[in-house]
Structure formats: C-alpha cells, structure tokens
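# Architecture at a glance
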Amino acid sequence: MIGQKKSLVVFLAALGLFWVTGLSLSQADQNKVNEMLYLKKAKYVGMDTCAMCHEKEVKEYKLSTHARIHIKNDTTGAEDCEVCHGPGSVHVDASGGKGNIINPSKDPEICFNCHTDKKMQFRLPYHHPVLEGKMSCTDCHNPHGIDVRPWTATSENGINEVCFKCHTDKRGPYIWQHDALKDGCTSCHQVHGSVNDKMLIARDYNLCLRCHAMNNFPYGHGQNGQYHDFVYGTCWSAGCHSEPHGSNFDHYFRY
Ligand code: HEC
Ligand code: HEC
Ligand code: HEC
Ligand code: HEC
Ligand code: HEC
Ligand code: HEC
Ligand code: HEC
C-alpha cells in the first residue's frame, strides 16, 4: 500500500512538472495517472453492468475457466471482469472510454497476482520475453475466451496455431514432417521458460527417448544402451537429426 502511495506521489509530482514546463504526457503515462487517480474512488459494479456495453466479452468469458473462480473470503466484491480490470464504476459512470479502467494488455502483473508460479518460470534462463515487455501473456492466451488454452486439441485454431503466428517457418510444409509436432510444440518445449537452451524440456537425448525406444534404431546409435555418438553432442547437435521439426532432405531429418 505504502509503495502504491509513493508511486502515486511520484506520478503527481511528474504531472505537476509537466504542467509547469508546458510539456504534455504521453498517452500511456496519462492513462497511468488517470488509472491511479480513479482507482482510489472506483467501486466494483459486477459483470451484469459490463454486459450492457461489452456483450461479446461477457458471452465469451462465461465459458472460460476464469469464470469459475471465486475468491474465498473476499470482502472487496472483486469478481469476474473486475478481478483483472479493477473496480469499474468510474469507467461506467463515464459511459466507457479509455484510460479510466485497467487494461492489462501490456502488463502481466495482474496475472501474477494469482499465477505466482508463472513469474518464476519467466525468470528461468531461457524464456519468452514477457517480463522484458516485448510480448504479453495474451499473445498466447485469450484472457476472455474458452480458448484461454489455445494449445488444446479441441481448440478451434488447432494445436500449434498460436506458435505459428510468430514462428512461421515451423509451419512447414516439410516433405518429411516429424510426427512429434502432432502432439504439440509443448511435447519438446517449455514455452514459459526453461533451464535448457531453446526452452527444451531436456538438454540431451532424453528429450527424444520420451517417445523413441533406442533399440528400435540400432544403426548408428550404439547397442545395448551404449550411445557412443553422444560424446559429439545430442541427437540434434551431433550432426544427425539437425532438423528435429522436419526436413526436405530425408526422413531422418538430417538437414
Ligand atoms: C456504458 C457502456 C459501458 C459499460 C457499462 C462498460 N464499458 Fe468498458 N468501454 C466502453 C467503451 C465505449 C469503451 C471504449 C472503446 C474504445 O474506445 O475502443 C470501453 C473500453 C473498455 C476497456 C478498454 C480500456 C482501455 O483503456 O483500453 C476495458 C478494459 C473495459 N471497457 C472494461 C469494462 C469492464 C470490466 C466493465 C464493467 C465493470 C465495463 N467496461 C463497462 C463502454 C462501457
Ligand atoms: C483473466 C483476466 C481477465 C478477465 C477476467 C477479464 N479480462 Fe478483459 N482483458 C484482459 C486482458 C489481458 C486484456 C488485454 C487483451 C489484449 O491485450 O489483447 C483485456 C481487454 C479487455 C477489453 C479491451 C479490448 C480491446 O480490444 O482493447 C475489454 C472491453 C474487456 N477486456 C472487457 C472485459 C469484460 C467485460 C470482462 C468480464 C466479462 C473481462 N474483460 C474479463 C484480461 C481479463
Ligand atoms: C483472481 C485470480 C486470477 C487472475 C487475476 C488470473 N487468473 Fe488465470 N486462472 C486462475 C485460476 C484459479 C485458474 C484455474 C486453475 C489453474 O489452472 O491454475 C486459472 C487458469 C488459467 C489458465 C489455464 C486455463 C485452463 O483452462 O486450464 C490460463 C492460461 C490463465 N489462467 C491465464 C491467465 C492470464 C493470462 C491472466 C492475466 C490476464 C490470468 N490468468 C489472471 C486465477 C486467476
Ligand atoms: C509463448 C506463448 C505463451 C506465453 C507468452 C504465455 N503462455 Fe502460458 N502457456 C502456454 C502454453 C503452450 C501452455 C501449455 C503448457 C503445457 O501444456 O505444457 C501454457 C500454460 C499456461 C497455464 C496453465 C497450465 C499451467 O502450467 O498451469 C497458465 C495458468 C498460464 N499458461 C499462464 C500464463 C501467464 C500468466 C502468462 C503471462 C505472464 C503466460 N501464460 C504466457 C503458452 C504461453
Ligand atoms: C508473439 C510472438 C510469439 C509467439 C506467439 C510465440 N513465440 Fe516463441 N519466441 C518469440 C520471441 C520474440 C522469442 C525470443 C527470440 C529471442 O530471444 O531472440 C521466441 C523464442 C522462442 C524459442 C527459442 C528460440 C531460440 O532461438 O532460443 C522457442 C523454442 C519458441 N519461441 C517456441 C515457441 C512456441 C512453441 C510457441 C507456441 C506455444 C511460441 N514460441 C509462440 C515470439 C513468439
Ligand atoms: C521433437 C521435439 C520438438 C518438437 C515437437 C518441437 N521442437 Fe522446436 N526444437 C527442438 C529442438 C531439439 C531444438 C533445438 C535445435 C537446435 O538447437 O538446432 C528446437 C528449436 C526450436 C526453435 C529455435 C531454433 C530454430 O530452429 O528456429 C524454435 C523457434 C522452435 N524450436 C519452435 C518450435 C515450434 C513452434 C514447435 C511446434 C510447431 C516446435 N518447435 C516443436 C525440438 C522440438
Ligand atoms: C512426442 C513424441 C516424440 C518425441 C519427443 C520425439 N519424436 Fe521422433 N517421432 C515421433 C513419431 C510419432 C514419429 C513417427 C513414427 C515413427 O517413425 O516412430 C517419429 C519419427 C522420428 C524419426 C523418423 C524415423 C523414420 O524412420 O522415418 C526420427 C529420425 C525422429 N523421430 C527423431 C527424433 C529426435 C531426434 C527426437 C528428439 C529431438 C525425437 N524424434 C523426439 C514422436 C516423437
């Protein structure tokens, strides 16, 4: 609380300075100041009020996992939409508009309030740059929708579609595609973050052994568990299966 008050003071001081010098705040800073001012007096109004103007979000939201959340012993009245957007009365009284209600599009802190473990994941050495502000949770998750988990088999968009938005080359088509992709990118990658390079689930041949029994592939792999090639690297870095996603060269995914 004290921290919040302090930053409010800092913001107001900055605002004052801009008034004095006649400069104007950027729209983003202006929104932040507004947010902090209104949050002090805004009250919770409930989802039915939001529904008057945001029918689409409300309809979608009712089918989502988040709609089933109830905060135990909560006395503030924070529920549904306002769990993420903060109390909405000022926004509603103004008949909507921008900058008078929290829009968490760029700031994951609101999600970390509940998903504390996710913050730890994004701090691991190899991670998607969410904490750096280069992308947001909503690049992969639809916070309102039933597709908040877009990687499920039942997703309208298919299992890897969300990844192809940015990693277009992984869509292929390859003449020989690795069937592992059908189980999803997450069968090999921990996409929030990982201790392994390229956000891999495992750093060595164990990544591949999760699906392949080595004695099905005796040639070049050694016998009886002696995988002699591995002194030169992993299945993909020793020069053997250099294209683990798929290849146009051969079905061993060599190049
Ligand atoms: C009286 C109509 C009305 C009501 C009620 C209403 N909104 Fe809005 N809301 C709007 C309008 C209009 C906009 C601006 C849309 C635009 O300019 O793109 C808006 C924008 C927003 C934004 C984006 C703000 C920004 O700064 O980008 C959020 C988030 C939002 N509303 C959430 C809510 C929530 C949550 C509720 C219920 C607590 C609610 N609204 C109730 C009309 C309303
Ligand atoms: C789990 C958190 C969460 C909940 C619950 C939630 N929202 Fe949002 N909302 C977000 C995030 C995150 C964004 C920013 C989306 C983006 O970046 O694409 C957003 C954006 C919005 C916007 C602005 C859309 C735009 O195009 O700019 C509106 C309006 C909105 N939400 C309304 C609602 C309403 C109404 C509800 C309740 C039915 C609701 N939200 C519930 C997280 C939430
Ligand atoms: C008020 C607490 C709260 C907030 C705020 C919140 N979540 Fe959640 N979220 C939950 C709970 C509880 C679950 C269900 C249990 C679980 O899967 O952890 C959940 C589930 C999820 C799931 C998995 C859904 C599923 O079907 O398994 C995703 C993805 C998610 N949240 C993303 C987000 C994002 C992104 C934000 C911020 C925009 C956010 N959450 C904000 C409490 C919250
Ligand atoms: C690069 C895409 C991407 C980004 C960015 C991302 N997620 Fe996820 N998230 C996923 C995928 C894929 C899964 C499924 C992981 C799996 O099934 O192994 C997932 C799973 C989840 C789950 C449910 C399963 C679990 O592990 O508890 C929650 C909750 C969640 N993410 C929250 C968040 C939050 C909060 C953020 C932002 C701070 C975020 N995610 C950012 C892709 C992403
Ligand atoms: C909004 C764009 C976006 C989406 C969606 C996205 N990524 Fe990424 N991905 C990035 C960015 C940006 C980086 C970081 C590149 C860097 O650090 O140079 C990255 C890095 C990676 C890396 C590590 C690459 C390396 O060279 O170290 C992997 C693996 C990866 N993403 C897999 C995925 C998977 C799997 C999904 C789907 C669940 C996904 N990404 C969704 C933007 C995205
Ligand atoms: C069979 C396991 C496996 C699956 C499934 C998989 N990957 Fe990978 N991926 C790897 C390995 C191994 C590397 C490291 C390759 C290297 O270092 O040359 C990698 C590297 C990457 C990289 C960074 C290097 C590059 O080639 O650009 C990205 C981005 C990436 N994967 C995205 C994806 C996406 C998107 C999917 C889903 C369509 C996916 N991966 C599915 C094993 C897999
Ligand atoms: C999620 C499960 C899964 C993982 C993990 C996985 N694979 Fe596969 N892989 C498959 C399936 C399914 C096939 C197709 C059926 C088959 O040939 O066994 C396949 C086929 C292959 C083939 C083609 C074999 C042929 O004769 O055409 C190679 C080579 C291969 N995988 C290498 C790898 C490597 C290297 C890794 C680790 C980077 C790996 N796989 C990880 C599921 C997986």
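Residues numbered from 1 in each chain as written. Chains lettered and ligands numbered in written order. Predicted model: local features only at pLDDT ≥ 70, side-chain atom pairs only at ≥ 80, totals over all residues. Heavy atoms only, no water.

## Observations regarding the overall build of the chain
Within the chain, the secondary structure is distributed over 10 helices and 4 strands. In the chain, the succession of helices and strands from N to C terminus is α-α-α-α-α-α-α-α-β-α-β-β-α-β. When each of the 255 residues of the chain is scored for burial, the buried share is 26%. The long-range fraction of contacts in the chain, counting pairs at least 24 apart against all pairs at least 6 apart in sequence, stands at 51%. (Helix = DSSP H or I, 4+ residues; strand = E, 2+ residues; numbered from the N terminus. Buried < 20%, exposed > 50% of the residue type's maximum accessible area, 1.4 Å probe, protein only. Contact = heavy atoms within 4.5 Å.)

## Concerning a nonpolar patch on the surface
On the surface, I69, I71 and V83 cluster together into a nonpolar patch covering about 220 Å² of accessible area. Checked against the element boundaries, I71 lands in the loop between α4 (55–61) and α5 (81–85). Judged by relative accessible area, which is 44%, I71 ranks as partly exposed. (Patch = residues over 30% accessible without salt bridge, like charges linked within 9 Å, V, L, I, M, F, W, Y side chains within 5 Å. Areas by Shrake-Rupley, 256 points an atom, 1.4 Å probe, with all protein chains shown as cover. Salt bridge = Lys/Arg side-chain N within 4 Å of Asp/Glu carboxyl O.)

## Details of the coordination of the iron atom of ligand 4
For the iron atom of ligand 4, the protein coordination sphere consists of H141 (NE2) and H192 (NE2), at 2.0 Å. For the iron atom of ligand 4, the 6 donor atoms are set out with angles of 86 to 179° between them, so the coordination reads as octahedral. Pair noted here: H141 is in the loop between β1 (126–127) and α9 (161–164) and H192 is in the loop between β2 (176–177) and β3 (193–194), with a separation of 51 residues, a long-range link. (Donors = N, O, S within 2.8 Å, 3.2 Å for Na, K, Ca; no water. Tetrahedral: all angles 85-135°; square planar, octahedral: opposite > 155°, others 65-115°.)

## A few points about the site of ligand 1
Near ligand 1 you find 19 residues, and of these C50, C53, H54, H91 and N103 are the closest. G99 places a main-chain nitrogen or oxygen 3.0 Å from an oxygen atom of ligand 1. Residue assignment for the shell around ligand 1 shows that the elements contributing at least two residues are α3 (47–51), α5 and α6 (89–93). Sorting elements by how many residues they give to the shell around ligand 1 places α5 first, with 3 residues. In the shell around ligand 1, the residues fall into 8 nonpolar, 9 polar and 2 charged. (Near = heavy atom within 4 Å. Polar contact = N/O pair within 3.5 Å; in protein donor to acceptor, adjacent residues only side chain to side chain. Nonpolar A, V, L, I, M, F, W, Y, C, P; charged D, E, K, R; others polar.)

## Brief notes about the environment of S242
Inspection of the secondary structure assignment puts S242 in the loop between α10 (206–209) and β4 (246–247). The sequence separation of S242 and R254 amounts to 12 residues, and the corresponding C-alpha distance is 5.2 Å. Once residues within four sequence positions are removed from consideration, S242 is found in contact with W236, F253 and R254. Polar contacts involving the side chain of S242 include one to the main-chain carbonyl oxygen of R254, which spans 3.0 Å.

## Re the coordination of the iron atom of ligand 7
Perfect tetrahedral coordination of a metal by four donors corresponds to 109.5 degrees between them, and perfect octahedral coordination by six donors corresponds to 90 or 180 degrees. Listed as protein donors to the iron atom of ligand 7 are H178 (NE2) and H212 (NE2); their distances from the metal cover 1.9 to 2.0 Å. Metal-centred angles of 86 to 178° between the 6 donor atoms at the iron atom of ligand 7 mark the site as octahedral. Note that H178 is positioned in the loop between β2 and β3 and H212 in the loop between α10 and β4, a separation of 34 residues in sequence.

## Some words on the site of ligand 5
In the vicinity of ligand 5 lie 14 residues, with H128, V162, C163, C166 and H167 positioned nearest. Within the side chain of H167, a nitrogen or oxygen atom sits 2.8 Å from a nitrogen atom of ligand 5. Here the residues of the shell around ligand 5 sort into 9 nonpolar, 3 polar and 2 charged.

## Looking at the packing of aromatic side chains
In total, this model carries 1 aromatic pair according to the counting rule given. Here F249 and Y255 contribute two aromatic rings whose centre-to-centre distance is 4.9 Å and whose plane-to-plane angle is 85°, an arrangement assigned as edge-to-face. (Phe/Tyr/Trp six-rings, centres within 6.5 Å; stacked < 30°, edge-to-face > 60°.)

## Considering the confidence of the model for the chain
Scored by pLDDT, the chain comes out at a mean of 80, with 73% of its residues at no less than 70. Of the regions scoring below 50 in pLDDT, residues 1–23 engages in 12 contacts with residues more than four places distant in sequence or in other chains. (pLDDT = per-residue confidence, 0-100.)

## Notes on unusual backbone geometry
Between G172 and the following residue, P173, the backbone shows a cis peptide bond with an omega angle of 0°. Phi angles above zero are rare outside glycine, and D80 is one such case at about 45°. When you line up the elements, D80 lands in the loop between α4 and α5. For M199, which is not glycine, the phi dihedral falls at a positive 55°. Among the secondary structure elements, M199 is positioned in the loop between β3 and α10.

## Here's the deal with the nonpolar core
In terms of nonpolar packing, the biggest core is built from 6 residues, these being M47, C50, V58, Y61, A67 and C81. At the level of elements, α3 and α4 are the ones that each hand at least two residues to this core. In this structure, V58 is in contact with M47, C50 and A51, ignoring residues within four places of it in sequence. (Core = buried A, V, L, I, M, F, W, Y, C linked by side-chain atoms within 4.5 Å.)

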